[in-house]
Protein chains: 2
Amino acid sequence: MRYVLKVAYDGTDFCGWQIQPNGPSVQQTLADAAFCAFGERVTFTASGRTDSGVHAAAQVCHADILAAVPPERLADALNCHLPQSVSVLASAAAPAGFDANRSAKRKTYVYRMYCSPRRNPLKDRYSLHIKGVIDISAMQRAGDMFVGEHDFKAYCASRSQVKTTVRTVYFVRVSRDGEDVCVRVCGSGFLYNMVRTMAGTMLWYACGKTDENDIAASLESGSRSLAGKTLPARGLMLESVDYGLELFGG
Amino acid sequence: MRYVLKVAYDGTDFCGWQIQPNGPSVQQTLADAAFCAFGERVTFTASGRTDSGVHAAAQVCHADILAAVPPERLADALNCHLPQSVSVLASAAAPAGFDANRSAKRKTYVYRMYCSPRRNPLKDRYSLHIKGVIDISAMQRAGDMFVGEHDFKAYCASRSQVKTTVRTVYFVRVSRDGEDVCVRVCGSGFLYNMVRTMAGTMLWYACGKTDENDIAASLESGSRSLAGKTLPARGLMLESVDYGLELFGG
């Protein structure tokens, strides 16, 4: 039977979602928990990978499990065997034909920064320290240039191997909450490092280090050197994945 | 010359503010940074100790330093040598006769909880998971019983050695922010474990595990068994220390 799960994780000590030879992954951690709970080797397939150090408030994944677990109880069965850094928030029977990766329609990521003269150890784990003040309307103007269907080749780590670098961004919203600035990006899917490089480019624009022409040219030409710096992973969180249907019964 | 500093720290990996034989302390970490920066053995005296695992958004401490450092630059001079878990947010010349411990007038702590059917790894570091729903007006009613001058002997770990267990609580405020519940307690000073035991008693009251009579009796008799459970350190944060004057120049 196929199950669907909503999973939160603190990515700090993971090499990312996907199983890697060089460090602990969220995917392996879930597989280990399933093996402890059911004595079965289970593969968890997510909506998409998250990179090393990136957090998730609500990653969605599916798994085919032989053991007859009541769907809503799968979450607790796995949580018993998960470390503090991972938690299954909800579980359900997957709808017919559901695939967490292929059925995903929209993903929303948040990149969080905080503006403060000095570093704050209580914020560093989940957001990026910016010493100066951020002009959020300038950030928003740069963000608006990414909305729509574009070739995001310039916003993608060179080592990524994908068929196409064309993606659709549905919205980019910059908001302020006290000294925190959030960049929320919703799209059909994202390339490796794409949100972090978009956020870095928006920040450069707000600081006057790049302009509209360079951003437009980066989308036209795909030249990585025209895009801004890729920001550190710790500020990034996968906030939600939208499948166009209610997976976890309200 | 005496300096005053505002310090933030993530208490997770510290055995508390005060130098201890059994683990790293914030006080020692600051002393090590001062030794690296100035080659001097410096003692940092805080407004009060924080326990093992307790966080601080704005602890205040003073230090007498021989090196002639421009007061506002002391923060950065120390920050160069501090680990990610500690940051000096501000520094200034201490006013005449200032002592971070003896001059402190009011301290405000926040105990943070989140209500969710399942654990959230992105919140666990700084707040306590509560499975059920919290009745915050009941929490507030219990909290109001602590306001005023009372003997808080029942709210104090037995191993603490103090001259008097009488303290004044100025206010207890319970607020909700989404699934988070904050208990903010302001007082003249606090005993070892006092805020965590107050918050635990308020939670017990809201769950119907204790009543007004028991709470009143705990304050009358000083009997520890009448007070509620001491909640875990990780939900607690020293939010501010008030000296009745502006220490860091607005």
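Treat the numbers as computed from the prediction; the structure is a model and nothing was measured.

(A) Summary view of the overall build of chain A. Looking only at helices and strands, one finds five helices and ten strands in chain A. Viewed in the frame of its principal axes, chain A has a C-alpha envelope of about 60 × 40 × 40 Å. For chain A, the proportion of its 250 residues judged to be buried stands at 53%. If you take every contact in chain A between residues at least 6 apart in sequence, the share linking residues at least 24 apart comes to 71%. Counting only carbon and sulfur atoms, one obtains 49% of the accessible surface of chain A, whose full area is about 11,100 Å². Counting 28 positive and 24 negative side-chain charges, chain A places the averaged centre of each group 4 Å from the other.

(B) Structural view of the packing of helix α3 (residues 136-144) of chain A against helix α4 (residues 194-206) of chain A. Residue and element names in this part refer to chain A. Packing of α3 against α4 brings their axes to within 8 Å, and their N-to-C directions diverge by 130°. With respect to α4, the element α3 is oriented oblique. Of the two elements, α3 crosses α4, and the hand of that crossing is right-handed. Contacts between α3 and α4 pair A138, M139, R141, A142 and G143 from the former with M202, L203, Y205 and A206 from the latter. Taken together, the residues of the contact of α3 with α4 break down into seven nonpolar, one polar and one charged.

(C) Molecular detail of the nonpolar core. Grouped together as the largest cluster of nonpolar side chains are 74 residues, with contacts concentrated most on A:L30, A:F44, A:M113 and A:Y155. With seven residues, α4(A) is the largest single contributor of residues to this core. Counting contributing residues, this core receives three or more from each of domain 1 (2-103) and domain 2 (106-239) of chain A. Leave out the neighbours within four places in its chain, and A:M113 touches A:S127, A:L128, A:I130, A:I134, A:M139, A:E179, A:D180, A:V181, A:V183, A:A199, A:L203 and A:L231. B:Y3, B:V88, B:A104 and B:V174 belong to the second-largest nonpolar core, a separate cluster that totals 72 residues.

(D) Summary view of the pattern of salt bridges. Counted by the stated rule, this structure contains 20 salt bridges over all chains. A:D10 is the partner of A:R125 in a salt bridge, and the nearest nitrogen-oxygen pair spans 2.9 Å. Pair noted here: A:R125 is in the loop between β5 (106-115) and β6 (128-130) and A:D10 is in the loop between β1 (2-9) and α1 (26-38), with a separation of 115 residues, a long-range link. The salt bridge partner of B:D242 is B:R106, with a shortest N-O separation of 3.8 Å. In this pair, B:D242 sits in strand β10 (residues 236-242) while B:R106 sits in strand β5 (residues 106-115), placing the two residues 136 residues apart along the sequence. The partly exposed category is assigned to B:R106, whose relative accessible area is 30%. Residues joined in a network through salt bridges with shared partners are A:K123, A:E179 and A:D180.

(E) Quick look at the relation of the copies chain A and chain B. Each copy of the sequence occupies a distinct position, and chain A is placed on chain B by a rotation of 180° and an axial shift of 0.0 Å, giving an RMSD of 0.0 Å. Those values place the two copies in the arrangement expected of a two-fold rotation axis. Residue A:R125, judged by its C-alpha, is the member of chain A lying nearest the rotation axis, at 5.0 Å. Both copies share a contact surface, since 100% of the interface residues of chain A are interface residues in chain B too.

(F) View of the packing of aromatic side chains. Across all of its chains, the model carries twelve aromatic pairs over all chains by this definition. Arranged with centres 4.9 Å apart and planes meeting at 55°, the rings of A:F98 and A:Y243 form a pair that is tilted. Taken together, the residues span a long stretch of sequence, with A:F98 in the loop between β4 (86-93) and β5 and A:Y243 in the segment after β10 (236-242) at a distance of 145 residues. Taken individually, A:F98 and A:Y243 each receive the classification buried, so the pair is uniform in this respect. Summarising the aromatic geometry, the rings of B:Y9 and B:W17 are spaced 6.4 Å apart at their centres and angled 35° between planes, so their arrangement reads as tilted. In this structure B:W17 comes out as buried when scored by relative accessible area, which is 2%. Among the aromatic residues, those joined into a cluster by ring pairs are A:F146, A:F152 and A:Y155. Note that A:R41 overlies the ring of A:F35, its terminal NZ or CZ placed 4.4 Å from the centroid. It is A:R173 that lies over the ring of A:F171; its NZ or CZ is 3.7 Å from the centre.

(G) Local environment of helix α1 (residues 26-38) of chain B. All names here are of chain B. Between its first and last C-alpha, α1 extends 18 Å over 13 residues, near the 18 Å set by a 1.5 Å rise per residue. Here α1 has its buried residues at V26, Q27, T29, L30, A31, A33 and A34. Against the buried residues of α1 lie β1 (2-9), β2 (44-46), β3 (55-64), α2 (74-79) and β4 (86-93). Following α1 by one or two positions, G39 adopts a phi angle in the positive range, close to 65°.

(H) Region of the structure containing helix α4 (residues 194-206) of chain B. Residues and elements named next belong to chain B. For α4, with 13 residues, the first-to-last C-alpha span of 18 Å sits near the 18 Å given by 1.5 Å per residue. Extensive coverage of α4 is indicated by the burial of eleven of its 13 residues. Positive phi shows up at G208, right after α4, with a value of about 75°.

(I) Highlighting the interface of chain A and chain B. The interface is formed by 27 residues belonging to chain A together with 27 residues belonging to chain B. Summing both partners gives a buried area of about 2,000 Å² for chain A against chain B, and 52% of it is carried by carbon and sulfur. The tally of links from chain A across to chain B stands at two salt bridges. One salt bridge connects B:R118 with A:D76, and the closest N-O pair in it is separated by 2.8 Å. Summed over the shared surface of chain A and chain B, the result is 14 residue pairs in polar contact (both at pLDDT 80 or more). Looking at the side of chain A that touches chain B, the elements with two or more residues in it are β1, β3 (55-64), α2 (74-79) and β4 of chain A. Looking at the side of chain A that touches chain B, the element that brings in the most residues is β4(A), giving five residues.

The rules behind the values
- Residues numbered from 1 in each chain as written.
- Chains lettered and ligands numbered in written order.
- Predicted model: local features only at pLDDT ≥ 70, side-chain atom pairs only at ≥ 80, totals over all residues.
- Heavy atoms only, no water.
- Helix = DSSP H or I, 4+ residues; strand = E, 2+ residues; numbered from the N terminus.
- Buried < 20%, exposed > 50% of the residue type's maximum accessible area, 1.4 Å probe, protein only.
- Contact = heavy atoms within 4.5 Å.
- Areas by Shrake-Rupley, 256 points an atom, 1.4 Å probe, with all protein chains shown as cover.
- Lys, Arg positive; Asp, Glu negative; His and termini not counted.
- Charge placed at Lys NZ, Arg CZ, Asp CG, Glu CD.
- Axes fitted to C-alpha atoms, helices over the stretch in contact; angles between N-to-C directions.
- Parallel < 35°, antiparallel > 145°, perpendicular 65-115°, else oblique.
- Left-handed = near helix turned anticlockwise from the far one by under 90°.
- Nonpolar A, V, L, I, M, F, W, Y, C, P; charged D, E, K, R; others polar.
- Core = buried A, V, L, I, M, F, W, Y, C linked by side-chain atoms within 4.5 Å.
- Domains from an automatic or database assignment.
- Salt bridge = Lys/Arg side-chain N within 4 Å of Asp/Glu carboxyl O.
- Least-squares fit on C-alpha atoms with pLDDT ≥ 70 in both.
- Phe/Tyr/Trp six-rings, centres within 6.5 Å; stacked < 30°, edge-to-face > 60°.
- Lys NZ or Arg CZ within 6 Å of the ring centre and 35° of its normal.
- Expected span 1.5 Å × (residues − 1).
- Buried area = accessible area lost by both parts, 1.4 Å probe.
- Polar contact = N/O pair within 3.5 Å; in protein donor to acceptor, adjacent residues only side chain to side chain.

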